[in-house]
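# Notes for the structure review
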Amino acid sequence: MKYVGRPIPRVEDELILRGKATYVDDVEIPGMLYAGFVRSPYAHARVLKVDFSDVLKTPGVVAAFGPGDGEPFSFAPGGKVRYQGEAVAMVVARDRYVLYDALEKVAVDYEPLPAVLDINDALRPDAPLVDESLGNNVVHDKVYEGGDPDRALKEADVVVEGRFVIQRIIPSAMEPRGVVAAYDGDVLTIWSSTQVPFDVRKEVARALGLPLSRVRAIQPFVGGAFGSKLLVYPEEVWVATAAYRLKAPVKWVATRSEDFKATTHGRALTLEYKVGASRDGRILAVTGTVYADAGAYYWGEGLADTAAQMLPGPYDIRHGRVRAVAVLTNKTPLSAYRGAGRPEATLFIERIMDHVADVLGMDRVEIRRRNLIRQLPYRNVFGITYDTGDYPTAFERGLERLGYRDLKRWADEEAKRGRIIGVGFSVYVEITTFGYETAVLRAERDGSFTLYTALTPHGQGLATALAQVVADELEIPMESIKVYWGDTAYVGDGIGTMGSRSITAGGSAAVLAARRLKQELAKAAEALLGCRPEYREGVFQCGGRSVSIAEMVKAVYRGKAEAQLTVEAIYHAEPTFPFGVHLAVVELDPETGFVKPLLYESYDDVGVVVNPLLAAGQVMGGALQGIAQALYEEAIYDETGNLVTSNLAFYYVPTAAEAPRYEVYFAEEPHPSKHPTGTKGVGEAATIASTPAVIMAVEDAMRRVKPGVRIDKTPITPEDVWRLLR
Amino acid sequence: MKIALRVNGVLHEVDVEPRKLLVHVLRELGYKSVRVGCDTATCGACTVLMDGRPVKSCNVLAVQADGAEIYTADYSDEVMEKLRDAFKRHHAAQCGFCTSGMLTTAYYLVRRGVKSEEEVVEGLSGVLCRCTGYQNIVNAVKEVAGL
């Protein structure tokens, strides 16, 4: 009855497909009030005065909070706002329509300050300061180094230099953020559209000086996140504080335009690189600087650092020095977006491989073949140890399975008919899984099991995947397991769903909990049966006698045997490293510069695949996000710091009409991680691999029109394509 | 203003401000499957069928729906159940936030007798999904439409 490896449809779907899944805006509590925020129209300004006298006279308005209200409110810290959309005040009213009228009545006096929007401007000595206390706009600067890069560059046959710019992305989860908080005089409960309810609970408890035991955070159904909901946001603390002070339930749900400014953006890294290679195509040294356009607050710690440390990718490069610099600008703070540093590292190194191949006149497959790491485990030049895999074999098999050469030939044939097709591929290794995760498993009187996970799924289908791994461990039908998630009343602490870590960290915690629970029950079974029992498919047996789990549990409650019926497992997970080859086919219209993605294929070694149906879902969705990064999406600010792409009408999230056909493959002989589940994670693989594959495909198509043309930024819009071809 | 509308076969009489949006009235009546994902009539998560045609209910004043017959993703009949079953088997929903809009739009396409994959894709292109990459949704709808 093994479940792992089978494409089982999701158990979560019943609620979703009947419209019964409860998202934060669906939480209704009698007497609920509605909160909204007055947000700065300026990118950088002193807040001179916030006047509530009109708004507090408005019928239906209950309260208003502003800079004068002190901690834990933190409006306009230091007396200024640093980005357009930063909150300066909060209004609470009885009705949403009243609320939005009332927000207009808050009078704020601003003194606009010069805004700095570009990292190059921000690095100038005379640049306006986003945070005066720093003395400049560099908020983080760290060098990663290994080997002897200077010597390697000196000895190289060729040295290639360049710059690649990755745009700002607005994560655009379909559900905007929102919070409901209620205080009944005993317990403060917060429902939030978040990936991190445990962090929300800790931060709210700290801010209000409440014991953790009296603060409960609930993650209801969450309509997508992609890393944009993995920080504790100020609004979570503010709404909770308002509910606590007013002793009334309070709800805030962002409008889309509000969410585009008040929810973190992603990507926005630039690499300046200088690499050395031998004439036969071996990369000897990679050096450079990764700049993060960090936005107004340094919330996205580690993004430039991850990109720097993973820059060598799946290639055996023995000398390197990469500096990771984060620069403050007057824009929405930067943080994680699906992949968070690894998509950038992969796009950078894949572009570098192509650049060096061009300089040497070498084939793009061949240069990768010559540089791929041959032996795992492998410690990269910056000290990160890749765990398992066989990259050369997976690379060759992947290209074969994806039909790379056939597609190139087909593109040649089509070219004869005047149709311009581009074929590109990418190779990646990525780092997933960190930290601890918690599972609590309880045996019920009827032989069923209740699993509480600290994971925080928001579309991944983890209730299904966790039931699969636990059912296999307990050798019982997966219908006997009910999985609950997203409530700090179930589990004391955990991290959550992010970084492709869930099934590896949280799944392994669940497997360990199941193993320990079996051991507990076995002790009791031994006492009951008088012999050391064997466990099989929900039954303990020895000496010709047997006892079922249901009978065991009842015996424990009756005092006839002793055992823990609830077991908690906290699993500490070391990183693990998926590998893969992805391929993209696009069609180019040279007259308009318009590029249409036709086909997207993937071949991944992600270790054990628990549920190929769900894993393929992750790949396809992730691929379209990476394709959109390559072709469509960009957060654009004007010279005053006004976000021009301020909602979904101006920011181009792809529709069904832009989506390519997908073909998803997993390695026939995967290399499992050393974790109990053997998994490596798949949530971000295609977001990481797709952008460089598409960029190579677009460049391939463009070179049929204009040989030698090179792409050095994302997105490559129709206008960019058109200009490059002129 | 007093208006009357029939939602999934049930008659509701409500008193609304003239500026009130249909999506808010439906949600306040308890039809929470009608979701709000944007403020520019772009995302399509609030799509319902109004007198047989898909509309973005954030772009309709409640008073415009006076006397209308509305169907939401909560509705159940043979076609809707077939769509649910196909969505589940094809793994066409991930976070689920767009799913109501996808289901109501798909219901319209199937009922109208959609003829080709291109028509399905074009028909669904008014509803944004950030999770799935669309292929599984398109395949689920094609299957129910007999394509």
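Residues numbered from 1 in each chain as written. Chains lettered and ligands numbered in written order. Predicted model: local features only at pLDDT ≥ 70, side-chain atom pairs only at ≥ 80, totals over all residues.

## A look at the overall build of chain A
Per the secondary structure count, chain A includes 18 helices and 31 strands. Taken against the 2.2 N^0.38 rule, which gives 27 Å for 726 residues, the C-alpha radius of gyration of chain A at 27 Å falls within 12% of a compact globule. For chain A, the spread of C-alpha atoms along the three principal axes comes to 80 × 75 × 50 Å. Residues counted as buried form 58% of the 726 residues belonging to chain A. Counting only contacts in chain A whose residues sit at least 6 apart along the sequence, the fraction spanning at least 24 positions is 80%. (Helix = DSSP H or I, 4+ residues; strand = E, 2+ residues; numbered from the N terminus. Rg over C-alpha atoms; globule rule 2.2 N^0.38 Å. Buried ≥ 20, exposed ≤ 12 C-beta atoms within 10 Å, placed from the backbone. Contact = placed C-beta atoms within 7 Å.)

## Observations concerning the nonpolar core
Residue and element names in this part refer to chain A. Judged by nonpolar contacts, the single largest core of 304 residues is most densely connected at Ala-89, Ala-292 and Val-470. In terms of residue count, the dominant contributor to this core is helix H17 (residues 685-705) (twelve residues). Not counting residues up to four positions away in its chain, the partners in contact with Val-470 are Phe-449, Leu-451, Ile-481, Ala-510, Val-511 and Ala-514. (Core = buried A, V, L, I, M, F, W, Y, C linked by C-beta atoms within 7 Å.)

## Quick word on the environment of A:Lys274
Residues and elements named next belong to chain A. One can find Lys-274 in strand S15 (residues 269-277). Considered as a pair, Lys-274 and Val-322 are 48 residues apart in the sequence and their alpha carbons are 10.0 Å apart. Other than its neighbours up to four places away in sequence, Lys-274 contacts Leu-153, Val-159, Glu-161, Thr-287 and Gly-288.

## A closer look at the interface of chain B and chain A
Listed as interface residues are 40 residues of chain B and, on the opposing side, 42 residues of chain A. Put simply, the parts of the chain that give the side of chain B that touches chain A at least two residues each are helix H2 (78-89), helix H3 (99-112), helix H4 (117-124) and helix H5 (135-144) of chain B. Examining the composition of the side of chain B that touches chain A, we find that four residues originate from one element, H2(B), more than from any other. Each residue belonging to the side of chain B that touches chain A can be placed in one class, and the counts come to 16 nonpolar, 15 polar and nine charged. (Nonpolar A, V, L, I, M, F, W, Y, C, P; charged D, E, K, R; others polar.)

## Brief notes about the sheet that holds strand S2 (residues 45-51) of chain A
Residues and elements named next belong to chain A. One open sheet accounts for three strands, arranged S4-S2-S6; its pairing is antiparallel. Two strands bound the open sheet, and with one partner strand each, they are strand S4 (80-81) and strand S6 (107-112). In the sheet, S2 pairs with S4 via two bridges, with the strands oriented antiparallel. The residue of S4 that forms the bridge with Ala-45 is Val-81. (Pairing = 2+ DSSP bridges.)

## Observations concerning the domain arrangement of chain B
For an interface, size is often stated in terms of accessible area lost upon the parts coming together. Residues and elements named next belong to chain B. Domain boundaries assigned for chain B yield domain 1 (2-71) and domain 2 (78-144). The centre of domain 1, based on its C-alpha atoms, is set 21 Å off from the matching centre of domain 2. With 14 residues of domain 1 at the interface, the matching set in domain 2 holds eleven residues. The element that contributes the greatest number of residues to the side of domain 1 that touches domain 2 is strand S3 (residues 47-50), accounting for three residues. Across the side of domain 1 that touches domain 2, the residue classes tally to eight nonpolar, five polar and one charged. (Domains from an automatic or database assignment.)

## Examining the sheet that holds strand S26 (residues 545-548) of chain A
Within a sheet, neighbouring strands are paired by backbone hydrogen bonds and run either parallel or antiparallel to one another. All names here are of chain A. With antiparallel pairing, the three strands of this open sheet are ordered in space as S24-S25-S26. Looking at the sheet topology across the chains shown, the edges are occupied by strand S24 (534-536) and S26. Within this sheet the neighbouring strands show an average axis-to-axis angle of 25 degrees, counted without direction. Alignment of S24 against strand S25 (residues 539-542), held across three bridges, turns out to be antiparallel. Each bridged residue has a counterpart across the sheet, and for Glu-534 the counterpart in S25 is Gln-541. (Axes fitted to C-alpha atoms, helices over the stretch in contact; angles between N-to-C directions.)

## Looking at the domain arrangement of chain A
Residues and elements named next belong to chain A. When its domains are assigned, chain A resolves into domain 1 (1-30 + 172-263), domain 2 (31-113), domain 3 (387-432 + 575-726) and domain 4 (433-572). Measuring from the centre of the C-alpha atoms in domain 1 to the corresponding centre in domain 3 gives 32 Å. Its residues placed into classes, the side of domain 1 that touches domain 3 shows five nonpolar, three polar and four charged.

## Concerning H17(A)
Taking 1.5 Å per residue as the helical rise, H17(A) with its 21 residues ought to reach 30 Å, and the 32 Å between its terminal C-alpha atoms agrees with that figure. Among the 21 residues of H17(A), 18 are classified as buried, and the element is accordingly described as predominantly covered. (Expected span 1.5 Å × (residues − 1).)

## Some words on the confidence of the model for chain B
Across chain B, the average pLDDT comes to 98, with 100% of residues at or above 70. If you check the scores for this complex, the pTM reads 0.98 and the ipTM reads 0.98. (pLDDT = per-residue confidence, 0-100.)

## Re the packing of H3(B) against H4(B)
All names here are of chain B. Closest axis-to-axis distance for the H3/H4 pair is 10 Å, and the angle between their directions is 140 degrees. Of the possible angle classes, the one that applies to H3 and H4 is oblique. When you trace H3 past H4, the crossing you get is right-handed. For the pair formed by H3 and H4, the contact residues are Met-102, Thr-105 and Leu-109 on the first element and Val-120, Gly-123 and Leu-124 on the second. Taken together, the residues of the contact of H3 with H4 break down into four nonpolar, two polar and no charged. (Parallel < 35°, antiparallel > 145°, perpendicular 65-115°, else oblique. Left-handed = near helix turned anticlockwise from the far one by under 90°.)

## Considering the packing of helix H5 (residues 197-208) of chain A against helix H6 (residues 234-246) of chain A
All names here are of chain A. It is at 10 Å that the axes of H5 and H6 come closest, and there the two elements cross at 55 degrees. When the axes of H5 and H6 are compared, the pair comes out oblique. Of the two elements, H5 crosses H6, and the hand of that crossing is right-handed. Only Glu-236, Val-237, Ala-240, Thr-241 and Tyr-244 of H6 make contact with H5, whose side of the interface consists of Val-200, Glu-203, Val-204, Ala-207 and Leu-208. Along the lines of polarity and charge, the residues of the contact of H5 with H6 split into seven nonpolar, one polar and two charged.

## As for helix H13 (residues 462-474) of chain A
All names here are of chain A. The terminal C-alpha atoms of H13, which comprises 13 residues, lie 18 Å apart, in line with the 18 Å expected from a rise of 1.5 Å per residue. Counting buried residues along H13, twelve of its 13 residues qualify, which places the element largely inside the surrounding structure. Of the positions making up H13, those classed as buried are Leu-462, Ala-463, Thr-464, Ala-465, Leu-466, Ala-467, Gln-468, Val-469, Val-470, Ala-471, Glu-473 and Leu-474. For H13, the elements touching its buried residues are strand S22 (449-453), strand S23 (481-485), helix H14 (502-529) and helix H16 (612-631). Positive backbone phi, approximately 55 degrees, marks Glu-475, located one or two places after H13.

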